[in-house]
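Residue-level structural notes
Residue strings, one per chain:
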Amino acid sequence: MIRLATTEDFDDILDMCEEFWGHTQFEEPFERDHAEKMVQLSFDQGLLLVADDGGVFGVIFAIKSPLIGSTKAWTATEIAWWVNPKKRGKLAGVQLIAHLERLCIEQEVKYLNLAYMQSSMPDTVRKLYEKLGYKLQETLYTKVLYGFDNSGNHSGWNGPTRGL
């Protein structure tokens, strides 16, 4: 049911990424070609998994890097974790995490970071992570900075320059 993704899975994965994107709070349109580059990076690092029961219905992928302050350990950060809502509640999501953990161990990754969105079942996901042994390390806050136009091009700094 859970397996390493192949390049033949990319279209299904990108479809899930697009559906996932609709649950984020970002206002930018989904860019399939950019998402494919992120999927490819995870694939190249061997950290791209799918849930498949005759059709791909779930995905988890991460990207690994060294720690910023030490050469003694690697970290992997989940980029996206998605299971088709019609297939949830049947352990596929947990199995995706467990398989990602195994891949990370095989690649000598010491720390695995998983995120959840406030807009998508935060209490359920938080409880699951804690049940699986994850500890809260950081909280991420996002602010829309109004110095960028809708195309992502910087249109000038309008904020404070001192006293931050």
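For the structure itself, look to the data block above.
Residues numbered from 1 in each chain as written. Predicted model: local features only at pLDDT ≥ 70, side-chain atom pairs only at ≥ 80, totals over all residues. Heavy atoms only, no water.

**Focus on the sheet that holds strand S2 (residues 48–52)**
With mixed pairing, five strands are arranged side by side in an open sheet as S1-S2-S3-S4-S5. One side of each edge strand has no neighbouring strand; the edge strands of this open sheet are strand S1 (2–4) and strand S5 (109–113). Sheet twist, expressed as the average angle between the axes of neighbouring strands with direction ignored, equals 25 degrees. Looking at chain direction, strand S4 (residues 74–83) and S5 are connected through four bridges and run parallel. For Trp74, the partnering residue across the bridge sits in S5 and is Val109. (Pairing = 2+ DSSP bridges. Helix = DSSP H or I, 4+ residues; strand = E, 2+ residues; numbered from the N terminus. Axes fitted to C-alpha atoms, helices over the stretch in contact; angles between N-to-C directions.)

**Some points on the side chain of Asp9**
Mapped onto the secondary structure, Asp9 falls in the loop between S1 and helix H1 (10–21). Residue classification places Asp9 among the buried positions, given a relative accessible area of 6%. When neighbours within four sequence positions are excluded, Asp9 is seen to be in contact with Arg3, Leu4, Val50 and Val56. (Buried < 20%, exposed > 50% of the residue type's maximum accessible area, 1.4 Å probe, protein only. Contact = heavy atoms within 4.5 Å.)

**Regarding the nonpolar core**
Of all hydrophobic cores here, the largest spans 23 residues; its most connected members are Trp81, Leu96, Ile97 and Leu100. Where this core is concerned, the elements lending two or more residues are S2, strand S3 (56–66), S4, helix H3 (92–106), S5 and helix H4 (122–131). Here the element with the most residues in this core is H3; it accounts for six residues. By size, the runner-up hydrophobic cluster in this structure holds 16 residues, among which are Leu14, Cys17, Leu48 and Trp82. (Core = buried A, V, L, I, M, F, W, Y, C linked by side-chain atoms within 4.5 Å.)

**A short note on H3**
With 15 residues, H3 extends 21 Å between its outermost C-alpha atoms, agreeing within 8% with the 21 Å of an ideal straight helix rising 1.5 Å per residue. Those residues of H3 that sit buried are Ala92, Gly93, Leu96, Ile97, Leu100, Leu103 and Cys104. Projected onto a plane normal to the axis of H3, the buried residues spread over an arc of 140 degrees and lie on a single side. In H3, the exposed positions that point more than 90 degrees away from the buried face belong to Ile105 and Glu106. (Expected span 1.5 Å × (residues − 1). Arc of directions from axis to C-beta.)

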